[in-house]
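# Examination of the molecular architecture
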Amino acid sequence: MEREYNPQEVEKRWQKFWEEIELYRTPEPPKRKYYVLEMFPYPSGKDLHMGHLKNYAIGDAVARAKMMEGYDILHPMGWDSFGLPAENAAIKYGVHPREWTYKNIEGFRSQLKMMGISYDWDREFATSDPEYYRWTQRLFLLLYERGLAYRKGGWVNWCPKCKTVLANEQVIDGRCERCKTPVIKKKLTQWYFKITDYAERLLKDLEKLEGRWPESVIKQQRNWIGRSEGVEIVFMEGDLPIRVFTTRADTLFGVTFISVAPDSQIAEELLKRVSSEVAHSIEEYAANSLNRSVQERTQSKTGIFTGLYARHPFTGESIPIFVADYVLGEYGTGAVMGVPAHDQRDYEFARRFNLPIKVVVYPDSEEALREFIELSCDETENEEFAFEYKGRRYVCRLKGAYERKGILKNSGEFTGLKSDEAIDRIAQRLKEMDLGGPAVSYRLRDWLVSRQRYWGAPIPMIHCERCGVVPENELPVLLPEVEKFQPEGRSPLENVPEFINTTCPKCGGPAKRDPDTMDTFVDSSWYFLRFTDPHNDHEMFSPEKANRWMPVDQYIGGAEHATKHLIYARFITKVLYDAGLLKYDEPFSNLFTQGLVLMGFWWCKECNRRIAEEDLYDVKVVGTQKVGYHDTPEGPHEVIWLVEMMSKSRGNVVPLGPFVREYGADAARIAILFAAPPEQDFEWTDAIKRAAVNFLNRVWRTFYTLKEAGVSPTLQPDLSKDKELLLLANDSIKGIREDLNRFKFNTAISKLMVLLGEFKPSKYSRHNLGWVSQVFVRLLAPFAPHLSEELFHEMGMDELFGEKTVFQVGLPKALEGLEAEEVSIGVQINGKTRGSLIVPKDASQEEVLDLLRSHPKLAKYINGKELKRVIYVPGRLINVIVT
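Described in the following lines is the structure provided in the data block. Computed from a predicted structure; not experimentally measured. Each chain has its residues counted from 1, running along the sequence as written. Only residues with pLDDT of 70 or above have their local features reported here, since the model is predicted, and side-chain atom pairs are shown and tallied only from 80 upward, although totals for entire chains, interfaces and linings are computed over all residues. Hydrogen atoms and water are omitted, and side-chain values are computed over all heavy atoms in the structure.

## What to know about the overall build of the protein
Our working rule: A run of H or I in DSSP counts as a helix once it spans at least four residues, and a run of E counts as a strand once it spans at least two, with each numbered from the N terminus. Burial status follows relative accessibility: with a 1.4 Å probe on protein chains alone, a residue under 20% of its type maximum counts as buried, one over 50% as exposed, and anything between as partly exposed. We call two residues in contact when some of their heavy atoms are within 4.5 Å. Here the accessible surface of atoms and residues is derived via Shrake-Rupley with a 1.4 Å probe, and residues count as covered only by protein chains that are part of the display. Charged residues are defined here as Lys and Arg on the positive side and Asp and Glu on the negative side; His and the ends of the chain fall outside this count. Note on charges: their place is set at NZ of Lys, CZ of Arg, CG of Asp or CD of Glu.
The secondary structure content of the protein amounts to 28 helices and 37 strands. Here the protein holds 883 residues, and 55% of them are scored as buried. The contacts of the protein with a sequence gap of at least 6 include a subset with a gap of at least 24, amounting to 72%. Taken as a whole, the protein presents about 38900 Å² of accessible surface, with 47% of it coming from carbon and sulfur. Across the protein, 118 positive and 128 negative side-chain charges occur, with their mean positions spaced 2 Å apart.

## What to know about a positive patch on the surface
To keep things clear, this is the line we draw: A patch consists of residues whose relative accessible area exceeds 30% and which take part in no salt bridge; residues with like charges are grouped when within 9 Å of each other, and nonpolar side chains (Val, Leu, Ile, Met, Phe, Trp, Tyr) when within 5 Å. For this analysis, a salt bridge means a side-chain nitrogen from Lys or Arg found within 4 Å of a carboxyl oxygen belonging to Asp or Glu.
On the surface, a cluster of positive charge is made up of Lys 46, Lys 92, Lys 103 and Lys 648. Assignment of secondary structure puts Lys 92 in helix H3 (residues 84–93). Judged by its relative accessible area of 65%, Lys 92 falls in the exposed class.

## Points about the packing of aromatic side chains
What counts, and what does not: Here a Phe, Tyr or Trp ring, Trp counted by its six-membered ring, pairs with any other such ring whose centre lies within 6.5 Å, and the pair is stacked when the planes are under 30 degrees apart, edge-to-face when over 60, and tilted otherwise. Remark: a charge is flagged as sitting over a ring if the NZ atom of Lys or the CZ atom of Arg is within 6 Å of the ring centre and within 35 degrees of the ring normal.
In the structure shown here, the tally under the stated rule is 53 aromatic pairs. Here the aromatic rings of Trp 18 and Tyr 24 are separated by 6.2 Å at their centres, their planes lie at 55 degrees, and the arrangement is tilted. For the pair shown, Trp 18 and Tyr 24 are each scored as buried. The positively charged end of Arg 64 is found above the aromatic ring belonging to Trp 18, 4.9 Å away from the centroid. Across the ring face of Trp 158, the terminal group of Lys 186 is positioned such that the distance to the ring centre comes to 3.8 Å.

## Notes on the nonpolar core
Convention followed: We define a nonpolar core as any set of buried Ala, Val, Leu, Ile, Met, Phe, Trp, Tyr and Cys residues linked to one another through side-chain atoms lying within 4.5 Å.
Ranked by size, the top nonpolar core spans 176 residues in total, and within it Trp 447, Trp 684 and Phe 695 carry the most contacts. With 11 residues, the top contributor of residues to this core is helix H2 (residues 50–68). Contacts of Trp 447, omitting those with residues within four sequence positions, involve Ala 167, Trp 191, Tyr 192, Phe 193, Ile 195, Asp 519, Phe 521, Val 522, Ser 525, Tyr 568, Phe 571 and Ile 572. The next biggest cluster of nonpolar side chains, apart from the first, holds 41 residues, and it includes Val 274, Val 361, Leu 408 and Leu 430.

## Description of the sheet that holds strand S2 (residues 72–74)
The condition is simple: Note on pairing: two strands pair once DSSP finds at least 2 bridges between them. For helices, the fitted axis covers only the stretch in contact; all axes are lines through C-alpha atoms, and the angles between them, taken along N-to-C directions, range from 0 to 180 degrees.
On the basis of which strands lie adjacent, the open sheet formed by 4 strands has the order S2-S1-S26-S27 and parallel pairing. The open sheet has two edge strands, S2 and strand S27 (591–593), and neither has a second partner. Averaged over all neighbouring strand pairs, the angle between strand axes comes to 20 degrees, with direction disregarded. With 3 bridges connecting them, strand S26 (residues 554–557) and S27 associate as parallel partners. Note that in S27 the partner of Gly 557 across the bridge is Thr 593. Lying over the sheet, H2 contacts strand S1 (33–38), S2, S26 and S27, oriented at roughly 170 degrees with respect to S1.

## Some words on helix H20 (residues 656–663)
Inclusion rule: The arc in question is traced by the directions running from the helix axis to the C-beta atoms.
Turning to H20, its buried residues number three or more, namely Leu 656, Gly 657, Phe 659 and Val 660. Down the axis, H20 shows its buried residues gathered within 165 degrees of arc, on one side only. Residues of H20 that are exposed and point more than 90 degrees away from the buried face comprise Arg 661 and Glu 662. Where H20 is buried, its residues meet helix H1 (7–20), H2, helix H4 (97–115), helix H21 (665–674), strand S33 (682–684) and helix H22 (686–708). Taken from the residues just after H20, Gly 664 is the one with a positive phi, measuring 105 degrees.

## Considering the packing of H20 against H21
Rules: Each angle gets one of four labels, with under 35 degrees taken as roughly parallel, over 145 as roughly antiparallel, 65 to 115 as roughly perpendicular, and the rest as oblique. Each residue gets one label: Ala, Val, Leu, Ile, Met, Phe, Trp, Tyr, Cys and Pro are nonpolar, Asp, Glu, Lys and Arg are charged, and the others, such as Gly, are polar.
Between H20 and H21, whose axes approach to 7 Å, the crossing angle comes to 115 degrees. The angle between H20 and H21 falls in the class roughly perpendicular. Along the contact surface, H20 presents Phe 659, Val 660 and Tyr 663, while H21 presents Ala 665, Ala 667 and Ala 668. Tallied by class, residues from the contact of H20 with H21 come to 6 nonpolar, no polar and no charged.

## Side note on the pattern of salt bridges
One pass over the full model with this rule turns up 59 salt bridges. Put simply, Asp 578 and Arg 201 hold a salt bridge, and the shortest N to O gap is 2.7 Å. In this pair, Asp 578 is assigned in helix H19 (residues 565–578) and Arg 201 in helix H6 (residues 199–204), connecting sequence segments 377 residues apart. Of the charged contacts in the structure, one is a salt bridge between Arg 273 and Glu 237, with a shortest N-O distance of 2.9 Å. Taken together, the positions of Arg 273 in the loop between helix H9 (265–271) and helix H10 (276–290) and Glu 237 in strand S8 (residues 227–237) put the pair 36 residues apart, joining distant regions of the chain.

## Thoughts on unusual backbone geometry
Omega for the peptide link from Leu 475 to Pro 476 comes to 5 degrees, which places this bond in the cis form. Position of Pro 476 among the secondary structure elements: in the loop between strand S22 (468–471) and helix H15 (497–500). The phi torsion at Lys 163 lies on the positive side, around 55 degrees, for a residue other than glycine. Here Lys 163 shows up in the loop between strand S3 (149–159) and strand S4 (164–166). Since its relative accessible area comes to 32%, Lys 163 is described here as partly exposed. With a phi angle near 60 degrees, Phe 743 is a residue other than glycine that sits in the positive phi range.

## What to know about the sheet that holds S3
Across the sheet, 4 strands lie side by side as S4-S3-S7-S19; this open sheet has antiparallel pairing. Strands at the two margins of the open sheet, each flanked by one partner only, are S4 and strand S19 (447–448). Note that S3 and strand S7 (residues 184–193) share 10 bridges and pair antiparallel. From the neighbouring strand, Lys 152 faces S7, where its bridge partner is Gln 190.

## Points about the environment of Leu 566
Within the secondary structure, Leu 566 sits in helix H19. Taking C-alpha positions, Leu 566 is 27 Å from Asp 537, a pair spaced 29 residues apart along the chain. With near-sequence residues (within four places) excluded, Leu 566 lies in contact with Met 39, Trp 213, Val 217, Gln 221, Tyr 555, His 561, Phe 588 and Leu 591.

## What about the environment of Lys 219?
With respect to the secondary-structure elements, Lys 219 resides in helix H8 (residues 215–225). Separated by 343 residues in the primary sequence, Lys 219 and Ala 562 place their C-alpha atoms 9.3 Å from one another.

## Focus: the packing of helix H24 (residues 745–756) against helix H25 (residues 766–780)
Formally: Handedness of a crossing follows from how the near helix is turned relative to the far one, being left-handed for an anticlockwise turn of less than a right angle and right-handed for a clockwise one.
Relative orientation of the contacting elements H24 and H25 amounts to 160 degrees, with a least axis distance of 11 Å. The angle between H24 and H25 falls in the class roughly antiparallel. Handedness of the crossing formed by H24 with H25: left-handed. Residues Leu 752, Leu 755 and Leu 756 of H24 pack against Val 772, Phe 776, Leu 779 and Leu 780 of H25. Residue composition of the contact of H24 with H25, grouped by class: 7 nonpolar, no polar and no charged.

## Remarks on helix H5 (residues 130–145)
Using the following cut-off: In a helix, the anticipated span is given by 1.5 Å times the number of residues less one.
Taking 1.5 Å per residue, 16 residues should reach 22 Å; H5 reaches 22 Å between its end C-alpha atoms and fits that length. Along H5, the positions that sit buried rather than exposed are Tyr 132, Tyr 133, Trp 135, Thr 136, Gln 137, Leu 139, Phe 140, Leu 141, Leu 142 and Leu 143. At the C-terminal side of H5, Gly 147 shows a positive phi close to 75 degrees.

## A word on the pairing of S3
As paired elements, S3 and S4 share 3 bridges and run antiparallel to each other. In the strand pairing of S4, Asn 157 is matched with Leu 166. Turn length for the S3-S4 hairpin, with the two strands adjacent in sequence and antiparallel, is 4 residues, and the turn residue Lys 163 shows positive phi of about 55 degrees.

## Regarding the side chain of Thr 517
Stated precisely, the cut-off is as follows: Two N or O atoms form a polar contact when they lie within 3.5 Å of each other; inside protein one atom must be a possible hydrogen donor and the other a possible acceptor, and for residues adjacent in sequence the pair counts only when both atoms belong to side chains.
Relative to the helices and strands, Thr 517 is located in strand S25 (residues 517–518). A relative accessible area of 1% means that Thr 517 is categorised as buried. Reaching out from Thr 517, the side chain makes a polar contact with the backbone oxygen of Arg 453 at a distance of 2.8 Å. Each residue touching Thr 517, except ones within four places of it in the same chain, is listed here: Val 449, Ser 450, Arg 451, Arg 453, Tyr 454, Gly 456, Ala 457, Pro 458, Ile 459, Leu 479 and Leu 493.

## So, the side chain of Asp 205
Note on placement: Asp 205 falls in the loop between H6 and helix H7 (206–209). Judged by relative accessible area, which is 10%, Asp 205 ranks as buried.

## Considerations on the environment of Tyr 527
Inspection of the secondary structure assignment puts Tyr 527 in helix H17 (residues 527–530). Along the primary structure Tyr 527 and Thr 127 are separated by 400 residues, whereas in three dimensions their C-alpha atoms are 8.0 Å apart. Every residue in contact with Tyr 527, bar those within four places of it in the chain, is listed here: Leu 37, Glu 38, Met 39, Phe 40, Phe 125, Tyr 132, Tyr 555 and His 565. Within the local environment of Tyr 527, its side chain forms a polar contact with the side chain of Tyr 555, the two groups lying 2.6 Å apart.

Written as structure tokens, this is what we have:
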């Protein structure tokens, strides 16, 4: 055993050894399965960095721990290689997407292998492999056959920079999630998946995931699905029904206008009913509206009167119809009823267009009355209205909307009812009239899967003038090699006649292929299933094999996928369950979402640029903000310390390859896992790196010292001696195993550091140090596998256990009956922590108080004072209330 640790030599040797003994080969069939999976990466960049590693280090620690617990492990890796990230990068660097993608895959693979991550590389694939996207195309056809894939024209989200359509889930705050360009609306005929058919199941089945998925992700999905119970109300414009959904049907008699979205189907129908001159004005208004972002539209209160009126279902009044930009076609029915007295947005619209304001809901409590009066003192031309409350008469003019529920007035047969009862009665009456009724609405919209880009799986549909739209009968439909693939606002494949022109599989006549490619989220919506049977060239996967391994026991990835990949994967899994291919309708039993790795930098606001640390002076902390100064021709400028996500596009990364070559893979793992709880963001610093490197060097030196002192590993401890050491080791076993199951990797490593500090040959017997040493190595193995394997062999533990590798030995189990006779409990006086106290494990409250009264430092807090109350939690704390 060398005195100094050489991670570069050690890590290469054990990686080769693990490969030779096929340690990571997936057992088939599994006896006790555990499927751990990290979200696979986009290979859109050349190198991995420390921010990427967090995901994989967490997954590897879990996989190795479960392997040591006796599970048969499926831990695969592949590449989410189709789509905008790779194509945009290829365009930026002037190379073909295929060349760019597969070169990056080689780099990613070599770096993950350099890390020694426990992947079964025999199951590797890329979604851009024809052998994979053949089955993505088959999935599309399966949805088509089941009535879940359809094509329709309409207004869609369009990114002017990426020059492609986007699903609603890919528009964040009105901007493209990739390039942050404001999204506009464009009218196109596109393919959709009918995810709305599964809205209720997707919502209800979130109950199955409670306690297994982060509550924040479950909440985001609930909000995105957006179930609302309310009432559908039909206003008739001649023979054209205009359907609105509302949760406030109690305000129906206060409707004074209807607004429809510029990008709604109902707006198109209304255009057919107006003069060409009016239609032109509406179309011009709609075009201007749809070129604005969603944020701009919803903050605006503009509109254009169509000249048309709809009939109120109860009063028969003529209600003017507007096209208004604040109404969004993708929400609800694309039409809303305007109730200006009881909705602030409608109030502002009505004031702008001088529309009537009818108050139909009045206060039903003193608190509501006060709010109502505050809104009712505006001297405007609005018509006065009067009402009585507890015998007192009020005459008011509204200066804003009164949005509370209350008592209905001026509402026909429903006058005098409270809001909730009125909503139910109105809904039932509308149902009897066949003009609406109780209804459920969802925010979720069908998944738009067409993309006008080159680098994706071709949509396997054919367009025939004679037969219409016909499915392809031979898969895969191969993506052709082209030189010109840059986006032009329409699919580049339209410019490839040898691809587009084909024969109709139904009639044999000339036909054209669909020119669009699929959203990359289709590729990733089922990849976890392909990993169960990656080489099958007859079907997507063998149901028998998939059902052996599914669902994924532990899925690990970013929370940013909550309303995209994670909801799409749930949808597709349910479709495949309904098709009889899967026994489970949820893909991921447990989900862990890791925090980000952040990087700090100095920023000068006045110069609008980063400043090198060596150019700073007078650096200090003001409050919680680090500040400094740098010199410029204009004089000193203040510089502040900022942190942001580690990202190559921001130029702030710590590349993984150089780090591992200098410090080792285990140092990278320990740094990432020890820095902070894995669900939290943390700022990368040199101190984190130093702590990891120093810890591993300390481990090596300690074991070198043990070996020099003649310590060799033992299977069982001698319980008659070294109680302090054995208790600490036993507590470490319990605590670290619990930490592993709870993803508390940072505290597990901290416990290892504490245990390492007790390896003292001068204090403890060699026999018990030998037992604790093999316990330590096995506990360290999930976090620092290379060093652990080296120590396992160097110290002769392989001979002791008769196993080739530490990962076949298993995690140590705590010794039965080895319990501390004394425990340390916290001491609080009047709720304030004052210290700790060593007490017998089964001490009574009076015994603890006696020990406290005689304690040299703590006694002063209670002696000579009146004890008002004592709160004692055995084994944990005592809180004494004194006066």
